[in-house]
Amino acid sequence: MIHRRRVLAALLAAMLPAFAGLAAPAAAQNKTITVASTTSTEDSGLFGHILPVFEKETGIAVKVVAQGTGQALETARRGDADVVFVHAKAQEEAFVSEGFGIERFDVMYNDFVIIGPAGDPAGIAGTADATAALKRIDEAEAPFVSRGDKSGTHTAELRLWKEAGLDPAAEGGDWYRSIGQGMGAALNTASAMNAYVLADRATWLSFKNRGDLKVLVEGDKRLFNQYGVILVNPQKHPHVKADLGQSFVDWLISPEGQATIAGYRIDGQQLFFPNAPEKRT
Amino acid sequence: MAETATAWQLIIGGDPTLFAILRLSLVVSLSAVAVAALVGMPFGALLALTSFRGRGAVVVVLNGLMGLPPVVVGLGVYLLLSRSGPLGDLGLLYTPSAMIIAQAVLVLPIIAALARQTIEDLWRDYRDEFVAMGVGPAERVAALVWDGRYSLLTALLAGFGRAAAEVGTVMIVGGNIDGFTRTMTTAIALETSKGDLPLALGLGILLVAVILVVNAAAWTLRSVGEAGRTA
Amino acid sequence: MRHQVFHELPLVLDAVSLRAGSVAILDRVDLSIEAGAPILVIGPNGSGKTSLLRVAMGLTVPTDGRVLWGGRLAAPPVRRAFVFQRPVMLRRSVLANVTFSLARAGCPWAQRRSRAEALLERVGLADLAGRAAPALSGGEKQRLALARALAREPELLLLDEPTANLDPAAARRVEAIVGEAATAGVKIVLATHDLGQARRLAGEIVFMTHGRVRERGAAPAFFAAPSTPEARAFLAGDIVL
């Protein structure tokens with residue numbers, strides 16, 4: 001019997017430390033904001049680089065929920081985030097004009113690139129014209145993976161197809177695969193299928209499972225990818241931590257925040273280019 | 001294999017971030033099982049010991065709910081806890097508490113259904129003796145739960161296995177926030193999406209190992225307990 | 001204690017019938033059982049012995065007729081106990097099986113352990129007190145079932161073929177315990193198809209066929225001169241249909 005008790009006690013004791021720390025994160029919650037952002041900013045490691053700097057300076061911890069732009073804006077609409085930091089300007093402006101956001105600020109940009117297999121069956125490599133490249137993919141009916149998730153990248157992709165005068169989603173060719181998932185999943189799928197895919201450069205640079213894929217088209221002005229930040233309107237959702245959220249927005253577009261963003265590099269390559277307006281209040 | 005090597009490096013490296021993720025996974029899943037057991041065990045016992053019109057339908061529904069899709073549970077709890085939802089004022093979305101709630105909902109039917117089966121089988125054995133001994137309803141439940149404790153432990157383990165392995169609910173209601181609501185499974189999903197497949201698989205091997213350790217602990221508990229009865 | 005208030009005896013079965021569909025398992029049984037010498041219920045397989053005992057315990061509710069315990073209808077078991085042909089052991093220690101029964105019979109917590117040990121001593125299981133009850137042998141299980149039943153300080157003890165699955169030595173030990181209980185004043189009603197056992201234990205015999213009580217009388221008279229042809233055939237070892 002004594003032996004039994006001892007084993008029981010040992011098992012319980014082994015489990016206790018796991019529970020001991022549970023209250024700790026909750027205690028730190030008072031100076032915390034939730035930011036709904038995109039997979040590209042999180043997966044590329046940008047937040048891992050800039051958030052510690054911000055927290056050290058202001059004592060505000062930032063919890064990032066990484067989703068597609070469409071989902072991130074929806075999260076904010078429901079009042080589940082204090083700040084949105086996304087990359088689909090038209091959707092962002094709609095969000096502000098509906099009254100869910102206070103004001104939208106440009107923060108930074110990078111660019112989209114068209115990725116494809118090294119074999120390049122549609123022969124787009126070297127083209128600087130993104131829409132011409134898409135037309136060739138359409139003509140060749142070469143496999144193309146679409147995010148299909150209303151994300152910023154998906155929105156940009158649909159805009160490019162439209163500018164090319166095509167609508168592959170409606171035409172229903174089986175070479176056009178809409179997967180309804182994040183950037184990473186889309187790249188994994190493209191890698192497995194040797195398909196073309198539109199990706200943001202930051203996610204591509206930090207992506208490790210490239211297989212045969214490489215950047216085939218870049219540099220077109222229409223591949224410009226602008227990120228914006230918006231404080232959620234506390235008049236819509238009174239619990240929004242407007243002061244702390246505003247501090248984050250202010251910091252992102254401040255010279256210091258901008259410099260921190262510019263300082264993030266992978267293999268010596270800069271991933272995001274700050275472009276917040278000079279004048280700020 | 002490279003993945004096994006990665007798993008070993010993760011363990012040997014003693015990375016504090018990894019430890020925190022592992023701990024959160026354990027805390028969330030074990031708490032969820034505890035909450036589900038608190039509700040599910042008495043419910044299962046009650047269902048085992050009562051007869052009423054439509055009982056068969058309740059049993060079928062309960063058994064069916066064992067296959068609840070995690071994403072559906074996650075979505076339901078999300079809509080409930082979202083600031084725009086009925087329980088939004090609690091501010092629980094994107095916290096470990098939300099993940100515990102969602103996983104508890106997910107494993108509740110498993111624990112309740114298995115408890116019902118266990119206790120009903122035992123009750124079939126005990127029924128006549130209990131009637132002959134004049135055992136009242138409350139004593140009956142207590143005695144059946146106590147005597148069925150080792151089988152009920154298996155029900156808890158089944159619940160824990162499901163909770164620890166699922167990614168659907170914790171991703172939606174937890175948000176996979178770095179250092180706050182990132183669990184083993186959401187970390188695996190994240191590393192997969194980043195294309196770091198060896199790291200993802202390494203984490204996966206680690207998760208399986210942890211689930212095995214919990215099961216081994218339960219097994220020890222059970223065999224020590226049973227040895228005690230014959231000592 | 002609560003069981004001082006009620007009496008289980010006399011036990012009266014008043015025109016009791018038990019039907020399963022069109023089959024009469026018990027057919028208008030009238031039986032009155034008072035304090036006194038053990039009653040042995042005998043008869044061929046399927047004659048209704050087990051059903052008679054279950055109805056007498058209150059485990060089975062008859063389709064027709066009334067059962068009265070000390071003049072009360074539908075009385076929950078207080079000072080009556082039952083030993084099954086295959087007793088079910090609680091998945092606990094031998095000692096805990098007895099303390100459980102003591103607790104249900106209203107024994108105060110402080111006395112349970114000592115009384116349980118005394119009961120185990122009485123049935124010869126004191127050495128096995130810490131053993132898991134489900135791991136006992138058949139004879140040991142039956143003696144533990146007797147200890148559990150005696151823990152209720154019964155006025156009436158019903159036993160359904162308690163030795164049917166036991167070897168002769170184990171059966172004798174069970175008989176000895178039952179005999180002691182009878183001597184101590186417990187009314188024994190025991191169903192058996194073992195005529196030797198009936199001769200050894202009986203004060204009275206109840207002989208059944210086809211769900212009916214065919215004869216009831218003092219054991220010596222019954223064995224010397226059964227009055228029905230079925231009983232004569234049964235005692236002669238013929239197959240009684």
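(A) Molecular detail of the interface of chain B and chain C. Taken together, the contacts link 21 residues of chain B with 21 residues of chain C. Here chain B and chain C share an interface that buries about 1,900 Å² over both sides, 56% of which is from carbon and sulfur atoms. Taken together, the links from chain B to chain C amount to 4 salt bridges. Across the pair Arg92 of chain C and Asp147 of chain B runs a salt bridge whose closest N-O atoms are separated by 2.5 Å. The interface formed by chain B and chain C includes 8 residue pairs in polar contact (both at pLDDT 80 or more).

(B) Here's a closer look at the pattern of salt bridges. Residues and elements named next belong to chain C. Taken as a whole, this structure holds 34 salt bridges over all chains when the rule is applied. One salt bridge in this structure joins Glu175 and Arg200, with 2.6 Å as the shortest N-O distance. Placement of Glu175 in helix 5 (residues 168-183) and of Arg200 in helix 6 (residues 195-201) is noted, with a sequence separation of 25 residues between them. Its salt-bridge partner being Arg216, residue Glu204 comes within 3.1 Å of it at the nearest N-O pair. Here the residue Glu204 occupies a position in strand 9 (residues 204-209), and Arg216 occupies one in strand 10 (residues 212-218), the gap between them amounting to 12 residues. Residue Glu204 is classed as partly exposed on the basis of its relative accessible area of 23%.

(C) Examining empty space enclosed by the protein more closely. Applying the stated rule across the entire model yields 5 cavities of 30 Å³ or more. As a volume, the largest cavity reaches approximately 70 Å³. For the largest cavity, the lining is made up of 13 residues, of which Glu129 and Met133 of chain B together with Phe82, Arg148 and Ala149 of chain C are closest to its centre. Contributions of two or more residues to the lining of the largest cavity are made by helix 5 (96-133) of chain B together with strand 6 (80-83) and helix 4 (138-150) of chain C. In terms of residue class, the lining of the largest cavity is built from 9 nonpolar, 1 polar and 3 charged.

(D) Region of the structure containing the pairing of strand 4 (residues 101-117) of chain A. Residue and element names in this part refer to chain A. Within strand 4, 13 of the 17 residues are buried, which leaves the element mostly enclosed by the surrounding structure. Where strand 4 meets strand 9 (residues 224-232), 8 bridges bridge the pair, whose relative direction is antiparallel. Opposite Tyr109, over in strand 9, you have Gln226 as the bridge partner. Taken together, the 2 bridges between strand 4 and strand 12 (residues 273-274) define a ladder with antiparallel strand orientation. Following the sheet pairing, Tyr109 is matched in strand 12 by Phe273. Direction of pairing for strand 4 relative to strand 7 (residues 196-200): antiparallel, over a ladder of 4 bridges.

(E) Structural context of the sheet that holds strand 2 (residues 23-33) of chain C. Residue and element names in this part refer to chain C. With antiparallel pairing, the 4 strands of this open sheet are ordered in space as 2-1-4-5. The two strands at the open ends of the sheet, each matched to only one other strand, are strand 2 and strand 5 (72-73). Where strand 4 (residues 64-69) and strand 5 come together, 2 bridges link them in antiparallel fashion. Across the sheet, the residue bridging to Leu68 is Leu73, located in strand 5. Sheet strands touched by helix 1 (residues 49-57): strand 1 (11-20), strand 2 and strand 4. Its angle to strand 2, the strand with the most contacts, is close to 55°.

(F) Inspection of the side chain of Gln270 of chain A at higher detail. All names here are of chain A. Inspection of the secondary structure puts Gln270 in strand 11 (residues 269-270). At 2.8 Å, the side chain of Gln270 forms a polar contact with the backbone oxygen of Phe272. The residues touching Gln270, leaving out its near neighbours within four places in the chain, are Ala262, Tyr264 and Arg265.

(G) Looking closely at the layout of surface pockets. Here the second largest pocket defines a volume of roughly 880 Å³. If you trace the second largest pocket, you find 34 residues lining it, with Thr39, Ala66, Gln67 and Gln71 of chain A together with Met171 of chain B closest to the centre. Contributions of two or more residues to the lining of the second largest pocket are made by helix 3 (39-43), strand 2 (61-67), helix 5 (69-77) and helix 10 (183-193) of chain A together with helix 4 (70-81), helix 8 (168-174) and helix 9 (184-193) of chain B. In the lining of the second largest pocket, the residues fall into 13 nonpolar, 15 polar and 6 charged. There are two domains that each give the lining of the second largest pocket at least three residues, and those are domain 1 (33-110 + 226-274) and domain 2 (111-223) of chain A.

(H) Region of the structure containing the packing of helix 4 of chain C against helix 5 of chain C. Residues and elements named next belong to chain C. Relative orientation of the contacting elements helix 4 and helix 5 amounts to 15°, with a least axis distance of 9 Å. Here helix 4 is positioned roughly parallel relative to helix 5, judged by the angle of their axes. Where helix 4 crosses over helix 5, the handedness of that crossing is right-handed. Taken together, the residues of helix 5 that come into contact with helix 4 (itself represented by Gly139, Gln142, Arg143, Leu146 and Leu150) are Ala170, Arg173, Val174, Ile177, Val178 and Ala181. For the contact of helix 4 with helix 5, the residue count by class is 7 nonpolar, 2 polar and 2 charged.

(I) Fine view of helix 4 of chain B. For helix 4 of chain B, spanning 12 residues, the distance from its first C-alpha to its last is 16 Å, which sits close to the expected 16 Å at 1.5 Å a residue. What helix 4 of chain B keeps buried is the set Pro70, Val73, Gly74, Val77, Tyr78 and Leu81 of chain B. The buried residues of helix 4 of chain B all sit within an arc of 135° when viewed along its axis, so they share a single face. The elements touched by buried residues of helix 4 of chain B are helix 5 of chain A together with helix 5, helix 7 (149-165) and helix 8 of chain B.

(J) A negative patch on the surface, seen in detail. Residues and elements named next belong to chain A. On the surface, Glu141, Asp167, Glu171 and Asp174 cluster together into a negatively charged patch. Position of Glu141 relative to the elements: it lies in the loop between helix 7 (130-140) and strand 5 (144-146). Looking at Glu141, the relative accessible area reads 52%, which means it is exposed.

(K) Geometry of the sheet that holds strand 10 of chain C. Residue and element names in this part refer to chain C. Within the open sheet, the 6 strands sit side by side as 6-7-8-3-9-10. Their pairing is mixed. The open sheet is flanked by strand 6 and strand 10, the only strands paired with a single partner. Going across the sheet, the axis of each strand differs from the next one's by a mean of 15°, ignoring polarity. Pairing analysis gives 4 bridges linking strand 3 (residues 39-42) to strand 9, with the strands arranged parallel. In the strand pairing of strand 9, Val41 is matched with Val206.

(L) How the structure looks around the nonpolar core. Among the nonpolar cores identified, the biggest contains 50 residues, and Val98, Leu120, Leu144, Leu157 and Ile205 of chain C are the most heavily contacted of them. Discounting chain neighbours no more than four positions away, the residues touching Leu157 of chain C are Ala81, Phe82, Val83, Leu146, Ala149, Leu150, Val186, Lys187, Ile188 and Val189 of chain C.

(M) Here's a closer look at the pairing of strand 3 (residues 83-86) of chain A. All names here are of chain A. What you see with strand 3 is no split at all: Val83 and Phe85 on one side and Val84 and Val86 on the other are buried throughout. Where strand 1 (residues 32-38) lies against strand 3, 3 bridges are found, and the strand directions are parallel. When the sheet's bridge partners are listed, Ser37 is paired in strand 3 with Phe85. Across 4 bridges, the pairing between strand 3 and strand 9 is antiparallel. When the sheet's bridge partners are listed, Val86 is paired in strand 9 with Gly228.

The rules we used
- Residues numbered from 1 in each chain as written.
- Chains lettered and ligands numbered in written order.
- Predicted model: local features only at pLDDT ≥ 70, side-chain atom pairs only at ≥ 80, totals over all residues.
- Heavy atoms only, no water.
- Contact = heavy atoms within 4.5 Å.
- Buried area = accessible area lost by both parts, 1.4 Å probe.
- Salt bridge = Lys/Arg side-chain N within 4 Å of Asp/Glu carboxyl O.
- Polar contact = N/O pair within 3.5 Å; in protein donor to acceptor, adjacent residues only side chain to side chain.
- Helix = DSSP H or I, 4+ residues; strand = E, 2+ residues; numbered from the N terminus.
- Buried < 20%, exposed > 50% of the residue type's maximum accessible area, 1.4 Å probe, protein only.
- 1 Å grid on protein atoms, 1.4 Å probe; cavity = no way out; pocket = protein on both sides within 12 Å on 5 of 7 lines; lining within 4 Å.
- Points joined across faces, edges and corners; volume = space filled by probe spheres on them.
- Nonpolar A, V, L, I, M, F, W, Y, C, P; charged D, E, K, R; others polar.
- Pairing = 2+ DSSP bridges.
- Axes fitted to C-alpha atoms, helices over the stretch in contact; angles between N-to-C directions.
- Domains from an automatic or database assignment.
- Parallel < 35°, antiparallel > 145°, perpendicular 65-115°, else oblique.
- Left-handed = near helix turned anticlockwise from the far one by under 90°.
- Expected span 1.5 Å × (residues − 1).
- Arc of directions from axis to C-beta.
- Patch = residues over 30% accessible without salt bridge, like charges linked within 9 Å, V, L, I, M, F, W, Y side chains within 5 Å.
- Areas by Shrake-Rupley, 256 points an atom, 1.4 Å probe, with all protein chains shown as cover.
- Lys, Arg positive; Asp, Glu negative; His and termini not counted.
- Charge placed at Lys NZ, Arg CZ, Asp CG, Glu CD.
- Core = buried A, V, L, I, M, F, W, Y, C linked by side-chain atoms within 4.5 Å.

Bear in mind that shape data such as this cannot, by itself, settle questions of function.
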